[in-house]
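Observations on chain architecture
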Amino acid sequence: MNRRDFLKAAGAGLVVAAAGARGGTDMAKDAPVGRKAGKATISLVRTDDRATGVARAIELLGINPVQGRAVLLKPNFNTADPFPGSTHNDTLEHLIVKLKAMGASGITIGERSGPPDTADVLKEKGIPELCTRLGVGLIDFEKLRAEDWVHIKPGQSSWRNGFDVARPVVESACVVATCCLKTHAYGGVFTMSLKLSVGVTRKRNMTELHSSFLAMRKMIAEINVAYAPKLIVLDGIEAFVDGGPGRGTRKRADVMIAGTDRIAIDAVGVAVLKDLGSNSAIMGKKIFEQEQIARAVELGLGVSRPQDIELVADDGPGKEYAQRLRGILDKG
């Protein structure tokens, strides 16, 4: 990500400073951000097959943001708990295969787990072997040197003194994210594409995040000013409708979702949870009133209302499901 892109993602009213052993750089004067008027396209595929689901969801978007680019691939490996507690290895593999077919010049998986050590989570999930077999790189953010973290210091934020973001994420020209569909029992309410960004921060930042229950959802959204993914794939074949993030009450949704707008992805994901029947934190609040989403809207990170989300599908079951979710989105 170049300086212009970084500033564009920095968020309305935020002052951002990047610092590290390589030298601090003031990257801020409050920069106007936000989307141009228009809709965010979100694809829906009704399926229980990850191989075809990943490919179809991406193809429905009609874009190729990875061609000729080195991709940093961010999964959900907060723990090694079985899907949807963590990214399903099959989803990760099929996504890598698809990105290669789309012409990515290289792919590197990057992650920071927690509370468990990242190395232990990656080992338990079999990720080093998967990377070797598929010919992709792997970065354990927890092992980065001090100079490989960028300090983001927002001026108008719920963070007291900012937070650190892995330099490979900030400097990547093409981040691709893959997230799960689940509730979060420890203050986040839900964990999808916006909350996936917690895994790009330094583990020591978690003390403040986890002790800030009233501000936690806003703090999660604010991490997202540091970068903007070019593609997001949400695996909703199964979901946690209560509990989470590692273990919870499971229900099948049999859906694969893709897009480029984090707010739109999460709004559609919350609509799916509402359709399945979820806990009171999901069912008792309108989608765009959820604090993660509301704060992300304030920061200009994506769409600002459900009417700006365009749902697309490629078959009868998908179109029928999209219509059902459209009603939930519009109602809130």
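Reference entry: report on the structure contained in this document. Values in this document were obtained by computation on a predicted structure and should not be read as measured data.

Take the side chain of Thr-91 next. Positionally, Thr-91 belongs in helix H3 (residues 89-101). Residue Thr-91 is classed as buried on the basis of its relative accessible area of 0%. Of the polar contacts made by the side chain of Thr-91, one reaches the side chain of Asp-235; its length is 2.6 Å.

Turning our attention to the state of the cysteines. Within the structure shown, the criterion is met by zero disulfides. We note that Cys-179 lacks a disulfide partner, and the nearest cysteine sulfur, in Cys-180, lies 7.0 Å from it. When its relative accessible area of 1% is taken as the criterion, Cys-180 is described as buried.

Time to look at the environment of Ile-282. Structurally, Ile-282 can be placed in helix H11 (residues 280-283). Taking the relative accessible area as the measure of exposure, Ile-282 reaches 0% and is therefore buried. The spacing of Ile-282 and Val-189 is 93 residues in sequence and 7.2 Å in space, taken between C-alpha atoms.

The terminal C-alpha atoms of helix H13 (residues 316-331), which comprises 16 residues, lie 23 Å apart, in line with the 22 Å expected from a rise of 1.5 Å per residue. Every buried residue belonging to H13 is among Gly-318, Tyr-321, Ala-322, Leu-325, Ile-328 and Leu-329, and all of these are buried. Buried residues in H13, looked at end-on, bunch into an arc of 120°, giving them a common side. Every exposed residue of H13 that faces more than 90 degrees away from the buried side is listed here: Lys-319, Glu-320, Gln-323 and Lys-331. Residues of H13 that are buried make contact with strand S3 (40-46), strand S13 (255-259), helix H10 (262-276) and strand S14 (309-312). For H13, the N-terminal cap is Asp-315; the gap from its side-chain oxygen to the backbone nitrogen of Gly-318 is 2.8 Å.

Further remarks concern the pairing of strand S4 (residues 70-74). A large share of S4 lies buried, amounting to four of its five residues. Two elements, S4 and strand S5 (residues 106-111), share four bridges in a ladder whose sense is parallel. Considered in S5, the bridge of Leu-73 is made with Ile-109. Crossover connection from S4 via H3 to parallel S5: handedness right-handed. Note that S4 and strand S9 (residues 175-184) share three bridges and pair parallel. For Leu-73, the partnering residue across the bridge sits in S9 and is Val-176.

Thresholds, definitions, all that
- Residues numbered from 1 in each chain as written.
- Predicted model: local features only at pLDDT ≥ 70, side-chain atom pairs only at ≥ 80, totals over all residues.
- Heavy atoms only, no water.
- Helix = DSSP H or I, 4+ residues; strand = E, 2+ residues; numbered from the N terminus.
- Buried < 20%, exposed > 50% of the residue type's maximum accessible area, 1.4 Å probe, protein only.
- Polar contact = N/O pair within 3.5 Å; in protein donor to acceptor, adjacent residues only side chain to side chain.
- Disulfide = S-S within 2.5 Å.
- Expected span 1.5 Å × (residues − 1).
- Arc of directions from axis to C-beta.
- Contact = heavy atoms within 4.5 Å.
- Pairing = 2+ DSSP bridges.
- Right-handed = clockwise from strand over helix to strand, strands pointing away.

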